[in-house]
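Below, each chain spelled out in residue letters.
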Amino acid sequence: MSEANRGVWGVVPPQGTGSIGGVSRASGRLRTLSLGSVPPPALILLGIISLQVGAGLAKHLFDRLPPSAVVTMRLLTSAIVLGFLARKALRTVLRDHSRSSLAIAAGFGLALALMNFSIYQSFSRIPLGVAVTIEFLGPLTVSIVASRRPRDALWVILAGAGVVLLARGGTGAVDPVGIAFALLAGACWAGYILLTAATGRRFPGSTGLALASVVGTVAILPLGVASAGSALLDPQLLLIGLGVGLLSSVIPYSLELEALRRMPARVFGILMSLEPAVAALVGVALLGEILTFRQWVAICCVIVACAGATRSQEDPPEAPEP
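Residues numbered from 1 in each chain as written. Predicted model: local features only at pLDDT ≥ 70, side-chain atom pairs only at ≥ 80, totals over all residues. Heavy atoms only, no water.

K.L.:
Tell me about the side chain of Ser 122, and name the residues and values.
P.N.:
On the secondary structure map, Ser 122 appears in helix H6 (residues 99–123). On the basis of relative accessibility, which here comes to 0%, the residue Ser 122 falls in the buried class. Beyond its immediate stretch of four places on either side in the chain, Ser 122 contacts Ala 131, Gly 178, Phe 181 and Ala 182. (Helix = DSSP H or I, 4+ residues; strand = E, 2+ residues; numbered from the N terminus. Buried < 20%, exposed > 50% of the residue type's maximum accessible area, 1.4 Å probe, protein only. Contact = heavy atoms within 4.5 Å.)

Right under this line is the structure:
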C-alpha cells in the first residue's frame, strides 16, 4: 500500500452492507479456514512483514529491471487478482456509476500508481527503512489535520526532527533525490487516503479498489514497458514480479482487512506505526543496509509521532463497521 493498501493509514475498509459476491465469498472462506482464529495484532504484524519483504524482494530486482518495470509488475499482479474477484461488479461499473464517481476512482488509481512509482524510485536510492520512514509523513499529516488538536503540534515537531536527522549530511548521509521521491510518495499516500474514503462511499465492497488498480496499471504500463522492453517477458523475472505483487499488495490487503473487522481503526493505526522499524530490519536482513545510530533514532522519532497522532484521535473517520 505506502505502497500498501491501508486503513487509518490507507486500507480500504468495507463500505456499506453490499459487497461484491466473489470477494465476500472468498473472504468468508478464508476467514473460516484460518484468519478468523489469528489475533488481529498478529495479522497486522504479518501484513507489515509481508509488505516489507515484498519491498526487499523488489529492490533485489533493481539490478536487472528498472524500478518502473518492477512497479508495473506489482500493480499488474494486484489488478489481475482484484479484477478477477470483482469481475461481476466491474462488468457494469460504467453503467451503474456517474462520471464523477468514475473520475474519483480514476484519481484514486493515479494516486496509487504515482505513490508506488515514487517509493520504488526512492528504494533504488536510499535504504528501505529510511524511505518508508519519510513516506509516513503523508498519513501522519492526514491524521494530524483531521485531529485539529493543538497538542498534535508536538507530533509534527517530533516527526520533523526525525526527518531532519535522516537528511543530515555526514556518516550515513542519504541521496537527496531519494528523499524527494519518498516525500512525493508520502504526499501521494495522503491523497490516497482521502480518495480511499471518497471511493468507498461510491462503490460497494472492493469494487472501487479493483477499478483503481486497473487504472493505475494502465497508467504505469507504458513507462514500465518502455524502460524494460523484452526483459518483462523473462519467465524468471515474471515469477519474481508475481511474488512482489502478492507479498506487497494482495497478502497485506487481505490480512489488514480481516484485522480491521475485529479491532478499532485507531488501534490499527498505532500498530501500523511499527512499519518503518520493520522496513529497517528487513533492509538489514535482506539487503545488508546497515543504518547509523542517528538514523535509528530518527526512525524512532517518526514512529512515536505516528503512534501519538493516531492515539489522540477519539473518533477515527474511517473506522469500519464490524
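K.L.:
So what's going on with the pattern of salt bridges? Which residues, and what values?
P.N.:
Within the structure shown, the criterion is met by two salt bridges. In this structure, Lys 59 and Glu 289 form a salt bridge, with 2.4 Å as the shortest nitrogen-oxygen distance. Of this pair, Lys 59 sits in helix H2 (residues 40–61) while Glu 289 sits in the loop between helix H14 (275–287) and helix H15 (293–311), and the two are 230 residues apart along the sequence. For Lys 59, a relative accessible area of 16% translates into the label buried. Classification of Glu 289 as buried rests on a relative accessible area of 14%. A salt bridge links Arg 64 to Asp 234; the nearest nitrogen and oxygen atoms lie 3.9 Å apart. Of this pair, Arg 64 sits in the loop between H2 and helix H3 (67–85) while Asp 234 sits in the loop between helix H11 (207–228) and helix H12 (235–261), and the two are 170 residues apart along the sequence. Arg 64 sits in the partly exposed class, given a relative accessible area of 44%. Under the relative-accessibility criterion, Asp 234 is labelled partly exposed at 27%. (Salt bridge = Lys/Arg side-chain N within 4 Å of Asp/Glu carboxyl O.)

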